Amino acid sequence: MARKNEWLRNTVINTDDGTRFTLKYYISRTGTENGPVFGVSVEKYAGDGALAESETTPPFSESREEAAGLAACFARNSVTPCALLETLDECIG
């Protein structure tokens, strides 16, 4: 199953100690024999542009719109890769 990521948006966060990170949010698409299924990926980049961490949810929906809506909500709330799976679990329970 090949996975493709479609960029959705970036969010910049500043920590209390002045460190700046960029969070990049993607809709992940995995093709199956029954059609595509979608999830969300988040990448966190340090101020120097180096990838600091990333996480991808398992595919959770056959609806691209549902995945895009959750990804947009995660971006608005600056969900980081380390919190992605727990946040998804809280959202779709």
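Keep in mind that this is a model prediction, so the values were computed, not measured.

Turning next to the overall build of the chain. On a plain count of helices and strands, the chain comes out with 2 helices and 4 strands. Reading the secondary structure of the chain in the N-to-C direction produces β-β-β-β-α-α. C-alpha extents for the chain along the principal axes are approximately 45 × 25 × 15 Å. Looking at the 93 residues of the chain, the share that counts as buried comes to 35%. Put simply, of all contacts in the chain between residues at least 6 apart along the chain, 44% involve residues at least 24 apart. Here the chain displays about 5,600 Å² of accessible surface, and carbon together with sulfur accounts for 45% of that area. Charge separation in the chain, taken as the distance between the mean sites of 9 positive and 14 negative side-chain charges, equals 9 Å.

This part takes up the packing of aromatic side chains. In this structure the tally under the stated criterion is 0 aromatic pairs. One residue, Lys-24, lies across the ring of Tyr-45, its end atom 4.8 Å from the ring centre.

Moving on, we get to the pairing of strand S2 (residues 20-32). Of the pairings in the sheet, the one linking strand S1 (residues 3-14) to S2 comprises 11 bridges and is antiparallel in character. From the neighbouring strand, Val-12 faces S2, where its bridge partner is Thr-22. What sits between S1 and S2 in their antiparallel hairpin is a turn of 5 residues, with Gly-18 showing a positive phi close to 90°. If you look at the hairpin formed by S2 and strand S3 (residues 35-45), you'll find 2 residues sitting between the two strands.

In this section: the side chain of Thr-80. Tracing the chain through its elements places Thr-80 in the loop between helix H1 (64-76) and helix H2 (81-92). Not counting residues up to four positions away in its chain, the partners in contact with Thr-80 are Ile-13, Leu-23 and Val-42.

A separate point is the state of the cysteines. By the definition in use, this model includes 0 disulfides. This cysteine, Cys-91, is not joined by any disulfide, and Cys-73 carries the nearest cysteine sulfur, 5.7 Å off. According to the relative accessible area criterion, Cys-91 is partly exposed, its value standing at 41%.

So, on to the pattern of salt bridges. The final tally for this structure, using the stated rule, is 2 salt bridges. As a salt-bridge pair, Glu-6 and Arg-64 come within 2.4 Å of each other at their nearest N and O atoms. Of this pair, Glu-6 sits in strand S1 while Arg-64 sits in helix H1; the two residues are 58 residues apart in sequence, bridging distant segments of the chain. Residue classification places Arg-64 among the partly exposed positions, given a relative accessible area of 29%. Here Lys-44 and Glu-53 are joined by a salt bridge, their closest N and O atoms 3.6 Å apart.

Conventions adopted
Residues numbered from 1 in each chain as written. Predicted model: local features only at pLDDT ≥ 70, side-chain atom pairs only at ≥ 80, totals over all residues. Heavy atoms only, no water. Helix = DSSP H or I, 4+ residues; strand = E, 2+ residues; numbered from the N terminus. Buried < 20%, exposed > 50% of the residue type's maximum accessible area, 1.4 Å probe, protein only. Contact = heavy atoms within 4.5 Å. Areas by Shrake-Rupley, 256 points an atom, 1.4 Å probe, with all protein chains shown as cover. Lys, Arg positive; Asp, Glu negative; His and termini not counted. Charge placed at Lys NZ, Arg CZ, Asp CG, Glu CD. Phe/Tyr/Trp six-rings, centres within 6.5 Å; stacked < 30°, edge-to-face > 60°. Lys NZ or Arg CZ within 6 Å of the ring centre and 35° of its normal. Pairing = 2+ DSSP bridges. Disulfide = S-S within 2.5 Å. Salt bridge = Lys/Arg side-chain N within 4 Å of Asp/Glu carboxyl O.

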